[in-house]
Amino acid sequence: MPLVAGVDSSTQSCKVVVRDAETGALVRQGRAPHPPGTEVDPYAWWEALQAAVAEAGGLGDVAAVSVGGQQHGMVCLDTSGEVVRPALLWNDTRSADAARELVEEAGGGETGRRFWAEATGAVPVASFTATKLRWLARHEPDNADRVAAVCLPHDWLTWRLAGAPGLDALRTDRGDASGTGYWSPRTGEYRLDLLERAFGRRPKVPVVLGPAEVAGHLDPAVFGGGAASGAAGPSGGPVLLGPGTGDNAAAALGAGAGPGDVVVSIGTSGTVFAVADTPAADSTGAVAGFADATGRYLPLVCTLNAARVLDAAATLLGVDLDRLGELALSAPPGADGLVLVPYLEGERTPDRPQATGELRGLTLRTSTPAHLARAAVEGMLCGLADGLDALIAQGARADRIILVGGGARSAAVRRIAPQVFGRPVVVPPPGEYVADGAARQAAWVALGGDTPPAWSIGDTEEYTGEAVPAIRERYAHARG
Ligand SMILES: Nc1ncnc2c1ncn2[C@@H]1O[C@H](COP(=O)(O)OP(=O)(O)O)[C@@H](O)[C@H]1O
Ligand SMILES: O=C(CO)[C@@H](O)[C@H](O)COP(=O)(O)O
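Predicted model only: the values in this text are computed from it and were never measured.

Caption draft 1: Main features of the overall build of the protein. Tallying secondary structure elements over the protein gives 15 helices and 24 strands in all. For the protein, whose C-alpha radius of gyration is 21 Å, the value lies close to the compact-globule estimate of 23 Å for 480 residues. Projecting the C-alpha coordinates of the protein onto the three principal axes gives extents of approximately 65 × 50 × 40 Å. Residue pairs at least 24 apart in sequence account for 73% of intrachain contacts in the protein once pairs closer than 6 positions are excluded.

Caption draft 2: Expanded view of empty space enclosed by the protein. Scanning the entire structure with this criterion turns up seven cavities of 30 Å³ or more. The volume enclosed by the largest cavity comes to roughly 100 Å³. Surrounding the largest cavity, 14 residues form its lining, Val125, Ala126, Glu347, Asp351 and Pro353 being those nearest its centre. Residues of the lining of the largest cavity, tallied by class, amount to seven nonpolar, two polar and five charged.

Caption draft 3: The arrangement of the packing of aromatic side chains in detail. Per the stated rule, a full pass over the model turns up four aromatic pairs. Judged by centre distance (6.4 Å) and plane angle (25°), the ring pair of tyrosine 182 and tyrosine 190 falls under stacked. The class of tyrosine 182 is buried, set by a relative accessible area of 2%. One cation-aromatic arrangement involves arginine 94 over tryptophan 135; the distance from NZ or CZ to the ring centre is 5.0 Å. For the cation-ring pair, arginine 160 lies above tryptophan 46, with the distance from its terminal atom to the ring centre recorded as 5.1 Å.

Caption draft 4: Seen up close, the UniProt feature "binding site: substrate" (unreviewed entry) in the protein. UniProt marks Gln71 and His72 with the feature "binding site: substrate" (unreviewed entry), using the numbering shown here. Of the annotated set named above, Gln71 and His72 line the largest pocket. The topology assignment puts glutamine 71 in the loop between β5 (62-69) and β6 (75-77). Excluding anything up to four places from it in sequence, glutamine 71 contacts Trp90, Gly175, Asp176, Gly246, Asp247, Asn248, Phe290 and Leu300. Here histidine 72 lies in the loop between β5 and β6. The class for histidine 72 is buried, based on a relative accessible area of 2%. When near neighbours in sequence (up to four residues on either side) are disregarded, histidine 72 contacts Trp90, Ser127, Phe128, Thr129, Lys132, Leu152, Asp176, Gly179, Phe290 and Arg348.

Caption draft 5: Seen up close, the site of ligand 1. Neighbouring residues of ligand 1: 16 residues in total, closest Gln12, Lys15, Thr268, Asp311 and Gly406. Lysine 15 places a side-chain nitrogen or oxygen 2.6 Å from an oxygen atom of ligand 1. Here an oxygen atom of ligand 1 and a side-chain polar atom of aspartate 311 are 2.3 Å apart. According to the grid-proximity analysis, the pocket containing ligand 1 is the largest pocket.

Caption draft 6: Main features of the layout of surface pockets. Within this model, the largest pocket holds a volume of roughly 840 Å³. Every residue lining the largest pocket is counted, 44 residues in all, and those nearest its centre are Ile266, Gly267, Thr268, Gly405 and Gly406. Taken together, the elements giving at least two residues each to the lining of the largest pocket come down to β2 (13-20), α9 (247-254), β16 (261-266), β19 (297-303), α10 (307-317), α11 (321-330) and α14 (433-447). For the lining of the largest pocket, the element with the highest residue contribution is α11, accounting for four residues. Split into classes, the residues belonging to the lining of the largest pocket amount to 16 nonpolar, 19 polar and nine charged.

Caption draft 7: How the structure looks around the pairing of strand β22 (residues 400-404). With respect to burial, β22 is a largely interior element, four of its five residues being buried. Pairing between β16 and β22: five bridges, direction parallel. Each bridged residue has a counterpart across the sheet, and for valine 262 the counterpart in β22 is isoleucine 401.

Caption draft 8: Just the site of ligand 2, in detail. For ligand 2, the set of nearby residues contains 15 residues, the closest of which are Thr11, His72, Asp247, Ser269 and Arg348. Serine 269 has a polar side-chain atom sitting 2.7 Å from an oxygen atom of ligand 2. Here an oxygen atom of ligand 2 and a side-chain polar atom of arginine 348 are 2.6 Å apart. A total of 380 Å² of accessible area belongs to ligand 2 in isolation, and the protein chains cover 96% of it. Under a 2 Å grid-point criterion requiring more than half of the atoms, the pocket assigned to ligand 2 is the largest pocket. If you list the elements that add at least two residues to the shell around ligand 2, you get α9 and β19. The class makeup of the residues in the shell around ligand 2 is four nonpolar, nine polar and two charged.

Caption draft 9: Representation of the packing of helix α12 (residues 369-393) against helix α15 (residues 469-479). Relative to each other, α12 and α15 sit at 90°, their axes nearing to 10 Å. When the interaxial angle is binned, α12 and α15 end up roughly perpendicular. Residue-level contacts link Glu378, Gly379, Cys382, Gly383, Ala385, Asp386 and Asp389 of α12 to Ile471, Arg472, Tyr475 and Arg479 of α15.

Thresholds, definitions, all that
- Residues numbered from 1 in each chain as written.
- Chains lettered and ligands numbered in written order.
- Predicted model: local features only at pLDDT ≥ 70, side-chain atom pairs only at ≥ 80, totals over all residues.
- Heavy atoms only, no water.
- Helix = DSSP H or I, 4+ residues; strand = E, 2+ residues; numbered from the N terminus.
- Rg over C-alpha atoms; globule rule 2.2 N^0.38 Å.
- Contact = heavy atoms within 4.5 Å.
- 1 Å grid on protein atoms, 1.4 Å probe; cavity = no way out; pocket = protein on both sides within 12 Å on 5 of 7 lines; lining within 4 Å.
- Points joined across faces, edges and corners; volume = space filled by probe spheres on them.
- Nonpolar A, V, L, I, M, F, W, Y, C, P; charged D, E, K, R; others polar.
- Phe/Tyr/Trp six-rings, centres within 6.5 Å; stacked < 30°, edge-to-face > 60°.
- Buried < 20%, exposed > 50% of the residue type's maximum accessible area, 1.4 Å probe, protein only.
- Lys NZ or Arg CZ within 6 Å of the ring centre and 35° of its normal.
- UniProt positions renumbered as here; feature names shortened; annotations may be inferred.
- Near = heavy atom within 4 Å.
- Polar contact = N/O pair within 3.5 Å; in protein donor to acceptor, adjacent residues only side chain to side chain.
- Sits in = over half its atoms within 2 Å of the grid points.
- Pairing = 2+ DSSP bridges.
- Areas by Shrake-Rupley, 256 points an atom, 1.4 Å probe, with all protein chains shown as cover.
- Axes fitted to C-alpha atoms, helices over the stretch in contact; angles between N-to-C directions.
- Parallel < 35°, antiparallel > 145°, perpendicular 65-115°, else oblique.

Following this line, the structure appears as structure tokens:
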């Protein structure tokens, strides 16, 4: 019974699961928080990973480990492998002007957007690594001069697990490479010319591995040495490191998404994505044509405002998340016309990095905690419903909608989602689907084979409900 470990180094926390490689059965798990903010010292992720591994009972008996991580974050390293500056995260919008510049320089308007969509699968927005590099070159030239290599959060953590053995040992995978803005999912090659266009030169980038290739071996020294601390695999051999991937690609693997499935993930980000056999190139910029973790593609829509909209509404009302959900369910569908456009961190889809949130339809009748709670849940879901429309417009089938992420733990979200989406949603048992996907990849690396091992995700629950079109109509009017 070989064991494997999967890591989810996401925006708010690090989660580690240890599972049976063959059956997928959960053996143990751990988690540790990440610091807040959109600019984070990567060593904070490293410390959280170590704490989460310790809580999960160490890695001494696992055959392989894979890391799933928040996408796009810019981790810059100097020639000695030291971090040049804190990482800029996917939800840091300071590079919005850089994104606009890159589109302008490619011809602007539809021409510029089409250029990028065809070259890299996606139109640049502030989230993507290429725009952050442009920002760095413009605003911090001294730091930019020190950059010898650029990589992403999961690449850096995998490299640290290997003992940080020199910049040539940096590895990534197709899924995360596809969120940089300088890698083409269609050709499977870097576009170093576009990296140079963004940054002014070509720092080293990680080698892109195939879905089950070995990225290296766990360094015996990283957890203090000795087999019990994770120095050696169960048979005394080295612990394999999987290629890892971006958190959404890992969630697709963890939730067992297949043809016809659309995954809606409600974490810090809201994402709507499908596994596809062909790459996407949406010049409107709504759908990012990423790659997945199995050799296929992952067309994806991402909003900046998801579970934290619920956190913010709960704070405003002075209640916890369970009470927020009860309040939301006690108000009528449509909240009697109260609409929250929840652009609390600006927004990425639609591309409005400077936007702020708006509450519309306040009356004496709607000025209640229940109405506000309902408007928060509905507003967040409306942003995701727009994403679902965009994905379908790009050819995705949506035979089944699978709801995952921290926000899916809310009964109100699960019950209101069908009214907003106009379709039933399927909810797997509460779990850490990104970490699970990373673990499934690790099992694939450990066991070999052409496809990942077949793991069951357990019994799903289906939530149904009549569509309430007025919710989206009023939202569309309010968001403009
Ligand atoms: N019972 C719950 N009801 C509503 N939201 C919840 C609940 N439990 C967790 N969450 C939300 O989940 C979010 C974290 O989700 P997660 O998927 O772990 O995020 P990330 O992967 O971005 O770090 C938090 O913002 C929190 O509000
Ligand atoms: O930017 C994207 C996808 O393009 C985000 O989905 C990040 O990958 C962060 O994910 P979470 O931490 O919210 O799961």
